[in-house]
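# Descriptive structure summary
The lines below spell out each chain.
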Amino acid sequence: MEEATCGLAPGNVIGEGGYGVVYRGVLRDNTAVAIKNLHNNRGQAEKDFRMEVAMISRVRHKNLVSLLGYCSEGDCRMLVYQYMDNSNLDKWLHHDDSEISPLTWDIRMRILIGTAKGLAYLHEGLEPKIVHRDIKSSNILLDRHWNAKVSDFGLAKLLCSEKSFVNTCVMGTFGYVAPEYAKTGKLNERSDVYSFGVLVMEIVTGRTPVDYTRLADEVNLVDWLKHMVAERRVEEVLDPRLPENPPSKALKRVVLAALRCVDPDGSQRPSMPHVVHMLEDDQILRDELKLARDLSPHASDSYDDR
């Protein structure tokens, strides 16, 4: 690992957080990798390391980051992932200074659908299923073609199919955490669905989930977007850095999917496989629009496409 990163050279650092430092490296066969060097605080770092190795070793999906290897020697704990040329989604949404974003509407939809498919696999394609617990834009990595790969399984929880939830210490990132999980610690896959709904809103608007620099009624992204929909101002929520706005109907379909995902009642949220269909299949989305009109006349007027 030291050889691959030129002795953990500062010039190879591509990310840093409370967990440790991420370096770009090149293996002897010229494979580019991202190497996460966990901090040496033995207790939590060791738990995170074991959890991540256990989780990622079980999963294989084109929309999930692949673990290529790891290093466990003395106090050193390193995880080796495939390198992602376009870093993470957070960088392009919130830290890119260009006037026009390279993230076109089509690219944003590709990222959303890829992320949804990765989560659907974690929830439905494994036994026991995996709840990620920390879906957010910085954990959505992007390859050179802007394909999304879900990363960072350090907070993930295994859920046995016979259990609807587990009581757990609340983990996750402020602004993305489902309200019932924050209040009770009861966790199930619908907690990830809520976080994904916030992510959809973030991608559509270019705003962070919580932004205290904005006016009081715009601080919370979920509440603000619900208000804009109720006021029939959905066209005004689009990220102003979008190169070209999407068709009105396409925007409304995606916003509707987001609203379904952040339903305060977790049991009413769609499953992730259903979310994939909502984003991909026009006919199913038209059915969703009809359902929304029946269930919520106040908000559904904004979606009347007759």
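Rules used in this analysis
Residues numbered from 1 in each chain as written. Predicted model: local features only at pLDDT ≥ 70, side-chain atom pairs only at ≥ 80, totals over all residues. Heavy atoms only, no water. Salt bridge = Lys/Arg side-chain N within 4 Å of Asp/Glu carboxyl O. Helix = DSSP H or I, 4+ residues; strand = E, 2+ residues; numbered from the N terminus. Buried < 20%, exposed > 50% of the residue type's maximum accessible area, 1.4 Å probe, protein only. Pairing = 2+ DSSP bridges. Axes fitted to C-alpha atoms, helices over the stretch in contact; angles between N-to-C directions. Core = buried A, V, L, I, M, F, W, Y, C linked by side-chain atoms within 4.5 Å. Contact = heavy atoms within 4.5 Å. Phe/Tyr/Trp six-rings, centres within 6.5 Å; stacked < 30°, edge-to-face > 60°. Lys NZ or Arg CZ within 6 Å of the ring centre and 35° of its normal. UniProt positions renumbered as here; feature names shortened; annotations may be inferred. pLDDT = per-residue confidence, 0-100. Expected span 1.5 Å × (residues − 1). Arc of directions from axis to C-beta. 1 Å grid on protein atoms, 1.4 Å probe; cavity = no way out; pocket = protein on both sides within 12 Å on 5 of 7 lines; lining within 4 Å. Points joined across faces, edges and corners; volume = space filled by probe spheres on them. Nonpolar A, V, L, I, M, F, W, Y, C, P; charged D, E, K, R; others polar.

### Quick look at the pattern of salt bridges
Applying the stated criterion across every chain yields a total of 12 salt bridges. Glu3 is the salt-bridge partner of Arg28, the closest N and O atoms lying 2.8 Å from each other. Linking Arg28 in the loop between strand S2 (20-26) and strand S3 (32-38) with Glu3 in the segment before strand S1 (13-17), this pair joins segments that are 25 residues apart in sequence. On the accessibility criterion, Glu3 (52% relative accessible area) is exposed. For Glu180, the salt bridge is made with Arg269, and the minimal N-O distance between the two is 2.8 Å. In this pair, Glu180 sits in helix H4 (residues 179-184) while Arg269 sits in the loop between helix H7 (248-261) and helix H8 (272-280), placing the two residues 89 residues apart along the sequence. By relative accessible area, Glu180 is classed as partly exposed at 23%.

### Some thoughts on the sheet that holds strand S4 (residues 67-73)
Read across the open sheet, the 5 strands follow the order S1-S2-S3-S5-S4; overall the sheet is antiparallel. Edge strands, defined here as strands with exactly one partner in the open sheet, are S1 and S4. Pairs of neighbouring strands in the sheet enclose a mean axial angle of 20°, with direction left out of account. For S4 and strand S5 (residues 76-82), the ladder comprises 6 bridges, and the chain directions are antiparallel. Each residue of the ladder has a partner; that of Gly69, found in S5, is Val80.

### Considerations on the nonpolar core
Within the largest apolar cluster, 75 residues are counted, with the highest numbers of intra-cluster contacts made by Leu89, Trp105, Ile111, Leu122, Phe196 and Leu279. The dominant element in this core, judged by the number of residues it contributes, is helix H3 (residues 105-124), at 11 residues. Leave out the neighbours within four places in its chain, and Trp105 touches Val204, Leu238, Leu242, Glu244, Pro246, Ala250, Leu251 and Val254.

### A few points about the packing of aromatic side chains
For the coordinates displayed, the defined rule picks out 1 aromatic pair. Geometrically, the ring pair formed by Trp92 and Trp146 is edge-to-face, given 5.2 Å between the ring centres and 75° between the ring planes. You can see Trp92 sitting in helix H2 (residues 89-94) and its partner Trp146 sitting in the loop between strand S7 (140-142) and strand S8 (148-150), a full 54 residues away along the chain. With respect to class, Trp92 is no different from Trp146; both count as buried. Its end group placed over the ring of Tyr83, Arg24 keeps NZ or CZ at 4.6 Å from the ring centre. Lying over the aromatic face of Trp224, Arg207 brings its terminal NZ or CZ to 3.7 Å of the ring centre.

### Focus on the environment of Arg260
The topology assignment puts Arg260 in helix H7. Through-space distance from the C-alpha of Arg260 to that of Tyr194 is 8.7 Å; in sequence the pair is 66 residues apart.

### A word on the UniProt feature "binding site: ATP" (unreviewed entry) in the protein chain
Under the feature "binding site: ATP" (unreviewed entry), the UniProt entry names Lys36. Tracing the sequence through the fold places Lys36 in strand S3. Non-local contacts of Lys36, meaning those with residues more than four positions away in its chain, are made with Tyr19, Val21, Val22, Glu52, Arg77, Met78, Leu79, Tyr81 and Asp152.

### Overview of the confidence of the model for the protein chain
Mean pLDDT over the protein chain works out to 85, with 83% of the residues at or above the 70 mark. Segment residues 300-306 is flagged for pLDDT under 50; beyond a separation of four residues in sequence, or across chains, it makes 18 contacts in the model.

### What about H7?
Under the 1.5 Å per step criterion, the end-to-end length of H7 is 20 Å for 14 residues, consistent within 8% with the ideal 20 Å. Counting buried positions along H7 yields 11 of 14 residues, so the element is predominantly enclosed. If you check which residues of H7 are buried, you get Ala250, Leu251, Lys252, Val254, Val255, Leu256, Ala257, Ala258, Leu259, Arg260 and Cys261.

### Remarks on H8
For H8, the complete set of buried residues consists of Met272, Val275, Val276, Met278 and Leu279. One face of H8 carries all of its buried residues, which in axial projection span an arc of 160°.

### Things to note about the pairing of S2
A large share of S2 lies buried, amounting to 5 of its 7 residues. For S1 and S2, the ladder comprises 4 bridges, and the chain directions are antiparallel. From the neighbouring strand, Gly15 faces S2, where its bridge partner is Val22. Judged from the 7 bridges that link them, S2 and S3 form a sheet pairing that is antiparallel. Looking at S3, one finds that Val26 is bridged to Ala32. Between S2 and the antiparallel strand that follows it, S3, lie 5 residues; Asn30 among them carries a positive phi value of about 75°.

### A word on the layout of surface pockets
Here the largest pocket defines a volume of roughly 480 Å³. The wall of the largest pocket is formed by 21 residues, among which Tyr19, Val22, Asn88, Ser138 and Leu141 lie closest to the centre. Of all elements in the fold, only S1, S3 and S5 reach the threshold of two or more residues within the lining of the largest pocket. The biggest single contributor to the lining of the largest pocket is S1, with 3 residues. Across the lining of the largest pocket, the residue classes break down as 9 nonpolar, 7 polar and 5 charged.

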